[in-house]
Amino acid sequence: MQFNRFKDDDLSQYSYAVGCPGAGSVAIVDPRRDIDVYLDFAHREGLSIEHVFETHIHADFASGARELAARTGATLHVSAYDAGETFEVGHPHQDLQHGDRVTLGAVRIEAVHTPGHTPEHLSFLVYDEARSADVPMLFLTGDFLFVGSLGRPDLLGDDAKRALARQLYTSVHNVLGVLPDGLEIHPGHGAGSMCGAGMSGRPTSTLGYERRTNPYLDPALSEGEFVDRILGSVPPFPPYYRRMKRLNSEGPNLLYDAETLDLAPGRLAVDADRARALAEDGEHVVIDVREMLAFGGGHIPGAFGIGAGKNLSTWASWVVPYDRPILLVLDHPNQLGDSVRRLVRVGLDQIVGHLDGGMRSWRERGLPLAHVLQVEPPELAHRLDGGGEITVLDVRTADEYASGHIDGARLEMAGFLPERVETLRHEISGDRPIAIVCGSGYRSTVAAGVLRRAGFDEVWNMPGGMNAWRSHDLPVVTG
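Residues numbered from 1 in each chain as written. Predicted model: local features only at pLDDT ≥ 70, side-chain atom pairs only at ≥ 80, totals over all residues. Heavy atoms only, no water.

Undergrad: Would you mind going over the side chain of Q2 with me for this structure?
TA: Structurally, Q2 is set in strand β1 (residues 2-8). Within polar-contact distance, the side chain of Q2 engages the side chain of N4 at 2.8 Å. Once you skip the residues sitting within four places of it in the chain, Q2 turns out to touch A17, V18, G19, C20, P21, F41, E45 and L47. (Helix = DSSP H or I, 4+ residues; strand = E, 2+ residues; numbered from the N terminus. Polar contact = N/O pair within 3.5 Å; in protein donor to acceptor, adjacent residues only side chain to side chain. Contact = heavy atoms within 4.5 Å.)

Shown next, in the form of structure tokens:
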């Protein structure tokens, strides 16, 4: 059997290749948007991608299933149980019912309906018939069963979540109850994903171990107790999840050049004057992926400050509008490919280009700049001790805040700021500086960009965040 895991560290997302080397064919399960990782793998291994499977309509990342099937000629298989639901797959595919099987040489993949995270959710039992046609070797559980957790059942809103939680309870008992302890569990996400609470950092487990350690698989739980436990533990709900469900059900745009199979968005270099016109036309948005001090020192007015690297996908998905064309600002042209790749993974596809020459060209043209003052922890503490009229905005999670925060700091999680700006405008005095604090300075830079875009003039950022505050032995309040 051929079996490979592909991990997107940004979103803690796993996709899989499963097939039979003897048959020269492979299937890809839950592919991410930058599909060249699978094309390169198949070419390197001398395999043909013949099937693409989706466990469900994803909420946290843009699926590459449609594009991968289009570029390889593979058959795209999705759940038949989306019919009549809030989200239905609207692009060409082949429906899969519970018990349907696909064979690749000596490998058999069998669909299992496991609703609860979503109504249509499928998991896949994988049999290596060269060893046993009756005992499954692997269980690709998508967002149904995680290592140490289960998928959140609240993706369709408050009206549907209790019914979905009850379906999840039924899936746990009816599906898992008949499967062997030795079955390998391979989920769709690991620790860091918000598709479930309390996931382990380990990428795989066995069903027997999960039965004994997973708090949601406790056989003593009644249905009501299970529902209360799973709904009482769900992480904060990212607003972009609803938009992502819509995108994946309708079918994301095809992004790869049909001849070269290169990822197409963002390659156009835009000169400073044209960039200014785009930034000021009310239609485009600017994402500045430079590091926090560079962004604070001078950026295009209205730009989002979301640093390049593994956090770009997550924070762009939280705060950047999905229906607007994007202009990128880079530290160096070699950041382009990686930044585009991370943005398209969360459906931010309309990348019209990047600022030619970076901010150096913008400055040389004498074009307007916006700034975010960087305030060091001792200076902020001094100003607060001196009775300075300053609003301290802590943009971490509630748990981080409770573990220790600056006295008097107001908690506003960074991801929810776009929805909260009007409330803040009414509740925070317009003539008071806003000092933004997070753990290290990354999220506070994101938040500063959001507030500056919303018209807040005097916005400060504390580089190093609470880590730096503590390193200076400055006082914190817990709880």
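The rest of the description comes next.
Undergrad: How do you make sense of helix α6 (residues 240-250) when you look at a structure like this?
TA: It helps to recall that an α-helix has 3.6 residues per turn; residues three or four apart then point in one direction. Along α6, the residues classified as buried are Y240, Y241, M244, K245, L247, N248 and S249. Where α6 is buried, its residues touch α9 (312-319). (Buried < 20%, exposed > 50% of the residue type's maximum accessible area, 1.4 Å probe, protein only.)

Undergrad: Would you mind showing me how to read the layout of surface pockets here?
TA: To find the voids left in a structure, one rolls a probe of water-molecule size over its atoms. By volume, the largest pocket amounts to about 750 Å³. Along its surface, the largest pocket is lined by 32 residues, and G192, M194, T314, T397 and M413 are the ones closest to its centre. Elements with a contribution of two residues or more to the lining of the largest pocket: α6, α9, α13 (398-403) and α15 (442-453). The dominant element in the lining of the largest pocket, judged by the number of residues it contributes, is α9, at four residues. Counted by class, the lining of the largest pocket contains 15 nonpolar, nine polar and eight charged residues. R243, L247, Y322, G347 and Q350 are, among the 13 residues lining the second largest pocket, the residues nearest its centre. Top contributing element to the lining of the second largest pocket by residue count: α6, with four residues. Taken together, the residues that form the lining of the second largest pocket break down as five nonpolar, three polar and five charged. (1 Å grid on protein atoms, 1.4 Å probe; cavity = no way out; pocket = protein on both sides within 12 Å on 5 of 7 lines; lining within 4 Å. Points joined across faces, edges and corners; volume = space filled by probe spheres on them. Nonpolar A, V, L, I, M, F, W, Y, C, P; charged D, E, K, R; others polar.)

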